[in-house]
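If you want the building blocks of each chain, they are given just below.
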Amino acid sequence: MSSESSELQWLRTEVAALYRRNRQQGHAPWAGRDYDFVCPSMETYPFQWLWDSCFHAVVLSWLDVERAKSEVECLLANQQPDGFVGHVTFWQREKFESVISGYDIAWRSKHVTDCIQPPLLAEAVEAAVKRGAGVDWLKKVLPKVRAFYDWLDRMRDPDRDGLIAVVQADETGLDHSPKFDALIGSPGLTMAEFTEGWKRVARPYDAFQRDHAQMFALDHFIVEDVMVNTIYVWNERVLAGLCAQAGDAEGARVMRERAERGYRSLVEKCWDEERGLFFDLVGHVAEKHLTHAVTFTCLMPLLFPELPSSTADRLIAHLEDEKMFAAPYPVPSVAVSDPKFAPGVVGTKLVWRGPTWMSSNWYLARGLRAHGRADLARKIEQASLASIEKHGFREYWNPFSGEGHGAPDFSWTALVLDLYETRA
Ligand code: GLC
């Protein structure tokens, strides 16, 4: 057996065990249904998060397609009549009231939050369908998936450029990323200071019950984030493919058009020719400006195979530059030369300020392969696996030493399995 196939065998076994440990099953009287999903980590995150859950469905598609299906269905059970899907579902709220008391979160209802997260629901469905979920199942979930993307298009793209806006930092999933420091009032490095900053952003929204027109008019945290939108546009394309597969040619056409508009805006509005990076757009309609913190999100459009090679080459050069993103355990979430870069745990567990995460590696490795750099993708995959072998499935790890930090037994770190399975 080659060492690659034994690595894959080892991973399959370990990931299956992890997904047994983090599996949550039971009955939720408030929803009138049973639930069955994988939580991010029993220690700190016992609930169902939107983008985590989509990553989990991708991983589950390799282990047990029935569980991938229930992961998606459970997530969709939180869908509201307007199509919105909240970023956390508190299936077992009653059991974990003390955990919840530490969260500062916007509520849609007692069990669902009023925030979005990076929308990779279409990719989650695609993974299940690719591994045998069947066209009948696809047809069953497709209208709901479509309703979610229609909600995003209707509610989060008021300037109609095909890019969606977040209205607070946690909607990007990149909670304490330094790129938001200025917007939340340049906090220090304690959780308390961040919480204060978050509250300054979200509290005024409560005054008008988070009405979208008024939140946008307030215009104090409107960000078209490059990562969120790379994922959004990619997923619109995936959804177009799923619509076509289900025989909905008109749906496929609409989604393709939206994806095309978003792609053009990303490339035209977010690209900074001088620095060779993509930056987020801040501001509502007029007077938008770019953020200039250098984080991994600046590289995300590498995912698009049609990105001109002159652009892709510049992004790849940053991934090969030790002053930027070429650490021994890549890819650091913040560029090594950025003044805010911190390789390990920051303050009271502030996240996304330097360590390496698997969700970003998953997208960047795929982007590298799309641009003919399987060698570099492989390095990322192997270094990720090396950290996992030594330190377990941690939430994030030090890009210099590989030492694991954050939540233990963190489920989306298992995405490395998808990379190994698809290259096999
Ligand atoms: C942290 C991460 C967020 C994730 C959540 C649950 O808040 O920043 O992206 O969804 O944990 O894992």
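Residues numbered from 1 in each chain as written. Predicted model: local features only at pLDDT ≥ 70, side-chain atom pairs only at ≥ 80, totals over all residues. Heavy atoms only, no water.

Another aspect to go through is the domain arrangement of the protein chain. Splitting the protein chain by domain gives domain 1 (11–154) and domain 2 (298–424). Taking the mean C-alpha position of each, domain 1 and domain 2 sit 24 Å from one another. When the buried surface of domain 1 facing domain 2 is broken down by residue, Leu-11, Phe-55 and Trp-62 rank first, second and third, together holding 30% of it. Counting across the interface, domain 1 meets domain 2 through three salt bridges. Residue Arg-21 pairs with Asp-409 through a salt bridge whose shortest N-O separation is 2.8 Å. Counting every contact that joins domain 1 to domain 2 gives twelve residue pairs in polar contact (both at pLDDT 80 or more). Broken down by element, the residue count for the side of domain 1 that touches domain 2 peaks at eight residues, all from helix 2 (residues 50–63). In terms of residue class, the side of domain 1 that touches domain 2 is built from 15 nonpolar, four polar and seven charged. (Domains from an automatic or database assignment. Buried area = accessible area lost by both parts, 1.4 Å probe. Salt bridge = Lys/Arg side-chain N within 4 Å of Asp/Glu carboxyl O. Polar contact = N/O pair within 3.5 Å; in protein donor to acceptor, adjacent residues only side chain to side chain. Helix = DSSP H or I, 4+ residues; strand = E, 2+ residues; numbered from the N terminus. Nonpolar A, V, L, I, M, F, W, Y, C, P; charged D, E, K, R; others polar.)

This brings us to the site of the ligand. Taken together, Pro-40, Tyr-45, Trp-49, Trp-51, Asp-52, Gln-117, Gly-173, Asp-175, Val-351, Trp-352, Phe-410 and Trp-412 form the complete shell of residues around the ligand. Contacts to the ligand include Tyr-45, whose side-chain N or O atom sits 3.4 Å from an oxygen atom. Contacts to the ligand include Asp-52, whose side-chain N or O atom sits 2.6 Å from an oxygen atom. Counting atoms within 2 Å of the grid points, the majority share of the ligand lands in the largest pocket. (Near = heavy atom within 4 Å. 1 Å grid on protein atoms, 1.4 Å probe; cavity = no way out; pocket = protein on both sides within 12 Å on 5 of 7 lines; lining within 4 Å. Sits in = over half its atoms within 2 Å of the grid points.)

Over its 21 residues, helix 6 (residues 135–155) runs 30 Å from end to end, which matches the ideal 30 Å to within 8%, given 1.5 Å per residue. Along its length, helix 6 reaches its greatest deviation from straightness, about 40 degrees, at Val-141, and the proline Pro-143 lies no more than four positions downstream. Turning to helix 6, its buried residues are Trp-137, Leu-138, Val-141, Leu-142, Val-145, Arg-146, Phe-148, Tyr-149, Asp-150, Trp-151, Leu-152 and Asp-153. (Expected span 1.5 Å × (residues − 1). Bend = angle between axes of the 7 residues up to and from the residue. Buried < 20%, exposed > 50% of the residue type's maximum accessible area, 1.4 Å probe, protein only.)

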